[in-house]
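Structural characterization, general
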Amino acid sequence: MSVVGIRFVRLVAIAAVVSVGTSACATSAPQAFTVPTASPLPSTTVPAGPVVTPIKCAWQDAVKSYRPTSPLPSPGQFPAGSYMETIYRRGHLTVGTSADVLQFGARNPFTGEIEGFDVEMLKQVSLAIFGDDRALDFKIINYAQRIPTIRDGTADIVAHTMTINCTRWTQVAFSTEYYHAGQKVLVRSDSSATSIKDLAGKKVCVAKGSTNIDNLKQYPAVVAVPVDDLGTCLVLFQQGAVDAITGDDTVLAGFKAQDHYAIVIGDRFSDEPYGLAMSLKHRDFVEFVNSLLERMRSDGTLARLYCKWLPCVGGKPPTPLPAAAYGR
């Protein structure tokens, strides 16, 4: 077997391990917690949703969220009728995230647990509500399922490398920005391409339901190959079925870590500010999460969790973490 063949078998096996789901475990009382496992949704088919008219605005305007109206309350001490009280009485926080985005939300092949920077954000919300960061009921979703999962109430909150933009604000609400990414391209290390402009006529894999597929429209000469699960792109890339993958630089860094014959090229050609998505019906919950993020920025928790999962310099993020923006 050739070196390339060995590489393909090994990495597809890793991708298969990452994508395996197990049954969900949720707590039944506010004070009785168990460490949960994650479960996939019954189907990866995305239900038909309302027709949404794209709204263009600068990302600096899109990231404006609801201003916190009060200091962060203690766990379990929530106003009567608030959505936080509803979650607390239920006994667990239902969350949507990925299981195949290394460093942000991926299944550990040794422990079976979902872990990463996005998962840490969800754990902090659980800690703020229950005083325990394990009261999580995971729903493993793909990119296109993120908004439907919030809108139909399947999850209370989604953390899934999700870009805040004005169009999405018409469907879901967002927290303040907690990470700033940008779109790039991954190609084979022997490719002569130095940017996406060099990929005219080439097949480029991209996730459905992502801002990445919309941004790709700027380059009509590129042949887009849309997939439901972004992890499928890595398999297609290793099979030689596509020439490149486009996505946020955070996601591509994880793919590069799995495939040492791949490189990420060019500068960012978009701004992708990440936020936690919640229902527009529960503004109080969004304000609560924004209060939590304020505390995480001020006490160093956000920087500490960043450095746990992402490259840092001298124990600090290489660039300043996004500041909160309000005014919605």
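What counts, and where the lines are drawn
Residues numbered from 1 in each chain as written. Predicted model: local features only at pLDDT ≥ 70, side-chain atom pairs only at ≥ 80, totals over all residues. Heavy atoms only, no water. Phe/Tyr/Trp six-rings, centres within 6.5 Å; stacked < 30°, edge-to-face > 60°. Helix = DSSP H or I, 4+ residues; strand = E, 2+ residues; numbered from the N terminus. Buried < 20%, exposed > 50% of the residue type's maximum accessible area, 1.4 Å probe, protein only. Lys NZ or Arg CZ within 6 Å of the ring centre and 35° of its normal. Contact = heavy atoms within 4.5 Å. Salt bridge = Lys/Arg side-chain N within 4 Å of Asp/Glu carboxyl O. Axes fitted to C-alpha atoms, helices over the stretch in contact; angles between N-to-C directions. Parallel < 35°, antiparallel > 145°, perpendicular 65-115°, else oblique. Left-handed = near helix turned anticlockwise from the far one by under 90°. Nonpolar A, V, L, I, M, F, W, Y, C, P; charged D, E, K, R; others polar.

What about the packing of aromatic side chains?
One pass over the full model with this rule turns up 17 aromatic pairs. Arranged with centres 5.8 Å apart and planes meeting at 25°, the rings of Y88 and F130 form a pair that is stacked. With Y88 in helix α3 (residues 83-90) and F130 in helix α4 (residues 117-130), this residue pair connects regions lying 42 residues apart in the sequence. Per residue, the accessibility class of Y88 equals that of F130, and both read buried. Between F117 and Y306, the aromatic rings sit 5.9 Å apart at their centres with planes inclined by 80°, giving edge-to-face as the arrangement. One end of the pair, F117, is in helix α4; the other, Y306, is in helix α11 (residues 301-309), with 189 residues separating them in the sequence. By relative accessible area, F117 is classed as buried at 0%. The class of Y306 is buried, set by a relative accessible area of 8%. Ring-pair connections join several aromatic residues into one group, and the members of that group are F78, Y83, Y88, F130, F285 and F288. The ring of Y66 has R283 lying over it, and the distance from NZ or CZ to the ring centre is 4.1 Å. The residue whose ring lies beneath R328 is W169, and the NZ or CZ to ring-centre distance is 3.8 Å.

Side note on the side chain of T94
Its location among the elements puts T94 in strand β2 (residues 93-97). Note on T94: relative accessible area 7%, which makes it buried. Those residues in contact with T94, other than ones at most four positions away along the chain, are D137, K139, T154, A155, D156 and I157.

A word on helix α9 (residues 249-258)
Residues spaced three or four apart along an α-helix point in a common direction, a consequence of the helix completing one turn every 3.6 residues. The buried count for α9 comes to 7 of 10 residues, which makes it a mostly enclosed element. Those residues of α9 lying buried are D249, T250, V251, L252, G254, F255 and Q258.

Here we look at the pattern of salt bridges
Under the defined criterion, the tally for this structure stands at 10 salt bridges. R134 is paired through a salt bridge with D132; the nearest N and O atoms lie 2.9 Å apart. On the accessibility criterion, D132 (12% relative accessible area) is buried. Note that K208 is salt-bridged to D228, the shortest N-O span being 3.5 Å. With K208 in the loop between β11 (203-207) and α7 (211-215) and D228 in the loop between β12 (223-227) and α8 (230-239), the pair connects residues that are 20 residues apart, well separated along the chain. The partly exposed category is assigned to K208, whose relative accessible area is 35%.

Topic: the packing of α8 against α9
Contact geometry of α8 with α9 gives a least axis separation of 11 Å together with a crossing angle of 40°. Accordingly, the angle class assigned to the pair α8 and α9 is oblique. Crossing handedness for the pair α8 and α9: right-handed. Mapping the contact onto sequence places L230, G231 and L234 in α8 and V251, F255 and Q258 in α9. Class assignment of the residues belonging to the contact of α8 with α9 gives a composition of 4 nonpolar, 2 polar and no charged.

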